[in-house]
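This is what each chain is made of:
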Amino acid sequence: MPAPDADALQPHTPGESPVLLSLKSISKTYIIGDVSVPVLHHVDLEIYDGEFLVVVGPSGSGKSTLLNIVGGIDLPTEGSVFFQNQNISQFNEQQLTRYRRENIGFVFQFYNLVPTLTARENVIVAADISESPMSPDDALELVGLSSRVDHFPSQLSGGEQQRVAIARALVKNPELLLCDEPTGALDLTTGRMILEVLGNLNRELGKTVVIITHNSAIGQMAQRIVRIGSGTIAETNVNPHPIAAQQVTW
Ligand code: ADP
Ligand code: MG
């Protein structure tokens, strides 16, 4: 057995911490004109408070749809979503907006920064609409960008822009960080750096982190791995030996 790596996440058994969010028999069908596209089929999933979860599956398997339902961007066609015992699948638009604003930080493959604002200003915009934000400079420091706060996105590398995007998600002080292919546009070295930042936010701030990706290698650093295929959960595994982000390879 390899020596435990000080930089790796600790193993975590489901049930060690309370359930933060649960999906109960979620189905999702998109209707486009006369065509219905079934995407998710009776998915059950529990996300535990403080865990680092990776959901893997091939392109088109329904990962982004699942994450959007967890994050209150989209609603399921059938089934319920409970966040700390509130049924968010019955929320109206206003309640969903509030749910997202207070509880969820989103990180996407493409960083979606405002090009005419500096790194700090991009983070301030998110802090300004949030109820109990952390200081924007603290959020940027946590992602290792203190020296670049006055730079515009075009003056930053892809990895640095993604770190600004993580700071923007983090500044709201959300319970849950939802990351959709966060390393999808990055090379291996930069991707590892992003995974390391996300791992640190989980370990040091106790943030619950969910990454969805087609890249199953990322599961090596997770505490738990859920495999999704054709809109159903094929497998859920606890990772007995998470490895450090810097050791993940693909
Ligand atoms: P993944 O993230 O795993 O690649 P998605 O959740 O994005 O998968 O998509 C799953 C399926 O749902 C795909 O076939 C996709 O074309 C379809 N789909 C996703 N979003 C929509 C939408 N808004 N309208 C219609 N079909 C959609
Ligand atoms: Mg996707």
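Below or above, wherever it landed, is the structure these notes cover. Note that this is a predicted model, so its numbers are computed, not measured.

Looking only at helices and strands, the protein has 6 helices and 10 strands in total. What you see for the protein is a C-alpha radius of gyration of 18 Å, in line with the 18 Å of a compact globule of 250 residues. With respect to the three principal axes, the spread of C-alpha positions in the protein is 50 × 50 × 35 Å. Within the span of the protein, comprising 250 residues, buried residues form 50% of the whole.

Of all the positions in helix H3 (residues 119-128), only Ala119, Asn122, Val123, Ala126 and Ala127 are classed as buried. Down the axis of H3, the buried set is contained in an arc of 140 degrees. They therefore lie on one face.

Turning to the site of ligand 1, a few remarks are in order. Around ligand 1 sit Tyr30, Ile32, Val39, Pro58, Ser59, Gly60, Ser61, Gly62, Lys63, Ser64 and Thr65, and those are all the residues in its vicinity. Between ligand 1 and glycine 62 there is a distance of 3.1 Å, counted from an oxygen atom to a backbone nitrogen or oxygen. Serine 64 is positioned with one of its side-chain polar atoms (N or O) 2.9 Å from an oxygen atom of ligand 1. Alone, ligand 1 offers 560 Å² of accessible surface; in the complex the protein occludes 60% of this. For the shell around ligand 1, the secondary-structure elements that each account for two or more residues are strand E1 (19-32) and helix H1 (63-70).

This paragraph deals with the pattern of salt bridges. Oppositely charged side chains can form a pair if their charged atoms are brought close together. Under the definition given, this model contains 8 salt bridges. Glutamate 51 is the salt-bridge partner of arginine 224, the closest N and O atoms lying 2.8 Å from each other. With arginine 224 in strand E9 (residues 224-229) and glutamate 51 in the loop between strand E2 (35-48) and strand E3 (52-56), this residue pair connects regions lying 173 residues apart in the sequence. Grouping residues by exposure puts arginine 224 and glutamate 51 together as buried. The residue glutamate 102 makes a salt bridge to arginine 98 at a minimum N-O spacing of 3.1 Å. With glutamate 102 and arginine 98 both in helix H2 (residues 93-103), this residue pair falls 4 residues apart, about one helical turn. Given the relative accessible area of 27%, glutamate 102 is considered partly exposed. Connected through salt bridges with shared partners, the residues Arg98, Glu102 and Glu131 form a single ionic network.

Look at asparagine 112: it is not a glycine, yet its phi comes out positive at around 55 degrees. Topologically, asparagine 112 is positioned in the loop between strand E6 (104-108) and H3. Look at asparagine 173: it is not a glycine, yet its phi comes out positive at around 65 degrees. When you line up the elements, asparagine 173 lands in the loop between helix H5 (158-170) and strand E7 (176-180).

Read from one edge of the open sheet, 4 strands run E2-E1-E4-E5, paired in antiparallel fashion. Of all the strands in the sheet, the pair left with one neighbour each is E2 and strand E5 (86-87). Relative to E5, strand E4 (residues 78-83) runs antiparallel, the two being bridged by 2 bridges. Directly across from phenylalanine 82, in E5, lies its bridge partner asparagine 87. Each of E1, E2 and E4 is contacted by H1, which is oriented at about 125 degrees to E1, the strand it contacts most.

Two numbers describe how H3 lies on H5: the axes approach to 8 Å, and their chain directions differ by 25 degrees. In terms of orientation, H3 lies roughly parallel with respect to H5. Every pair of crossing elements has a handedness; the one defined by H3 and H5 is right-handed. From H3, Ala119, Asn122, Val123 and Ala126 reach across to H5, where they touch Val164, Ala167 and Arg168. Partitioned by chemical class, the residues of the contact of H3 with H5 number 5 nonpolar, 1 polar and 1 charged.

Conventions we followed
- Residues numbered from 1 in each chain as written.
- Chains lettered and ligands numbered in written order.
- Predicted model: local features only at pLDDT ≥ 70, side-chain atom pairs only at ≥ 80, totals over all residues.
- Heavy atoms only, no water.
- Helix = DSSP H or I, 4+ residues; strand = E, 2+ residues; numbered from the N terminus.
- Rg over C-alpha atoms; globule rule 2.2 N^0.38 Å.
- Buried < 20%, exposed > 50% of the residue type's maximum accessible area, 1.4 Å probe, protein only.
- Arc of directions from axis to C-beta.
- Near = heavy atom within 4 Å.
- Polar contact = N/O pair within 3.5 Å; in protein donor to acceptor, adjacent residues only side chain to side chain.
- Areas by Shrake-Rupley, 256 points an atom, 1.4 Å probe, with all protein chains shown as cover.
- Salt bridge = Lys/Arg side-chain N within 4 Å of Asp/Glu carboxyl O.
- Pairing = 2+ DSSP bridges.
- Contact = heavy atoms within 4.5 Å.
- Axes fitted to C-alpha atoms, helices over the stretch in contact; angles between N-to-C directions.
- Parallel < 35°, antiparallel > 145°, perpendicular 65-115°, else oblique.
- Left-handed = near helix turned anticlockwise from the far one by under 90°.
- Nonpolar A, V, L, I, M, F, W, Y, C, P; charged D, E, K, R; others polar.

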